[in-house]
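Structural characterization, general
The lines below spell out each chain.
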Amino acid sequence: MNDMKSGPTAAAGLPTGFEGGFTVLMAVYGGDDPERFARALESVFANSLPPDRMLLVVDGPVPEALERQIDRLQATQPCVRVHRLAENRGLAMALNAGLALVETEWVVRADSDDINRPDRFAKQAAAINAAPSPIDLLGGAIQEIDFDDTPLAVRRTAEGAESIRKFARKRNPFNHMTVAYRTALAREVGGYPNIHLKEDYGLWASLLQAGARVENLPDILVDAITGQDMYRRRGGTRYALAELHLQRHLVRCGLKPWPLAIAHGLARSLIFLLPAPARTQFYRLVLRG
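So, here's what we can say about the structure. Since the model is a prediction, treat every value here as computed from it, not as a measurement.

Reading the values: rules and limits
- Residues numbered from 1 in each chain as written.
- Predicted model: local features only at pLDDT ≥ 70, side-chain atom pairs only at ≥ 80, totals over all residues.
- Heavy atoms only, no water.
- Helix = DSSP H or I, 4+ residues; strand = E, 2+ residues; numbered from the N terminus.
- Buried < 20%, exposed > 50% of the residue type's maximum accessible area, 1.4 Å probe, protein only.
- Polar contact = N/O pair within 3.5 Å; in protein donor to acceptor, adjacent residues only side chain to side chain.
- Contact = heavy atoms within 4.5 Å.
- Right-handed = clockwise from strand over helix to strand, strands pointing away.
- Axes fitted to C-alpha atoms, helices over the stretch in contact; angles between N-to-C directions.
- Parallel < 35°, antiparallel > 145°, perpendicular 65-115°, else oblique.
- Nonpolar A, V, L, I, M, F, W, Y, C, P; charged D, E, K, R; others polar.
- Phe/Tyr/Trp six-rings, centres within 6.5 Å; stacked < 30°, edge-to-face > 60°.

Below, the discussion takes up the side chain of D223. Structurally, D223 can be placed in strand β9 (residues 214-225). With a relative accessible area of 15%, D223 lands in the buried category. A distance of 2.8 Å separates a polar atom in the side chain of D223 from a polar atom in the side chain of R117. The contact partners of D223, leaving out residues within four places of it in the chain, are D114, I115, R117, Q143 and I145.

Turning our attention to the environment of D52. Looking at where D52 falls in the secondary structure, it is placed in the loop between α2 (34-45) and β2 (53-59). Accessibility expressed as a relative area gives 13% for D52, which makes it buried. When the C-alpha atoms of D52 and F22 are compared, they prove to be 5.6 Å apart, with 30 residues separating the residues in sequence. From its side chain, D52 meets the backbone nitrogen of F22 in a polar contact 2.9 Å long.

With that out of the way, let us pick up helix α8 (residues 199-209). For α8, a buried count of ten out of eleven residues is recorded, marking the element as mostly surrounded by other parts of the structure. Looking only at α8, the buried set comprises E199, D200, Y201, G202, L203, W204, A205, S206, L207 and L208. Phi turns positive one or two residues past the end of α8, at G211, with a value near 90 degrees.

Buried residues dominate strand β3 (residues 80-85), accounting for five of its six residues. As a crossover connection, the stretch from β2 through helix α3 (residues 64-76) into β3 is right-handed.

Contact pair α8 / helix α10 (residues 237-252): the axes reach a minimum separation of 9 Å and the direction vectors enclose 5 degrees. By the angle between their axes, α8 is roughly parallel relative to α10. Taken together, the residues of α10 that come into contact with α8 (itself represented by Y201, G202, A205, S206 and Q209) are L246, H249, L250 and R252. In terms of residue class, the contact of α8 with α10 is built from four nonpolar, four polar and one charged.

Here we take up the packing of aromatic side chains. Going through the model one piece at a time under the given rule, you end up with six aromatic pairs. Taken together, a centroid distance of 4.6 Å and an interplanar angle of 40 degrees make the contact between F18 and F22 tilted. Of the residues examined, F22 reaches a relative accessible area of 0% and is grouped as buried. Among the aromatic side chains, those forming a connected cluster through ring pairs are F18, F22, W106 and F121.

Here it is in structure tokens:
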């Protein structure tokens, strides 16, 4: 395991809004595609504003092809620390394990199969610098792409604190792979709740309940893999039950009343139980239309 060292940001004299430094937090697991993983890593370090540190959580055993990418990363990027979990724990637990080890004031999330645009970190730093009041959680837009890199749709959410809070009553208000947030505040609210594939939405709800100052940029910050295969996978009983757990969490965080949560939970659970082709059409025409 590498010691965590300061990266090139300060040495390069680049302006940054990430006072106290920022750590890119990424998790990788055995099912990730090695080529996509390599491209995701490359996109982190090709940014015009390099990270101070990177913390890679290896969520359980991974195949040799991924191990080679991890070895290459450690050999070429001295700011990287690799933290290994003995068994696969899922994204929420992996990110929480990483969050506990972060030593900078800011966490910048990056996914192991998405491409960060070259100016992503600089744009977020500039937005934090230019904000009239402090920001605790900052996201942006994504360009959804298929597995062959074909552009599909741009996903933007709400902008402005009040609009974000209203949006959060019905939809996830942040694109997880674009966010930057203050480390201490995320720890104070308990990190990511263990809600299957909805842990990020749960964290945003906890942060909003805690009074986090939030914003989204209209800029596209990440090219994110979605496509029909993802839509097919996002279904089944486990996903439907996770939706019900999420709705309970949103009520506890004061984002919506129980009647609305029950209505949303039941409607969405039924969608997740639809046959894969019907569910794919729903995602494409309704949620991404």
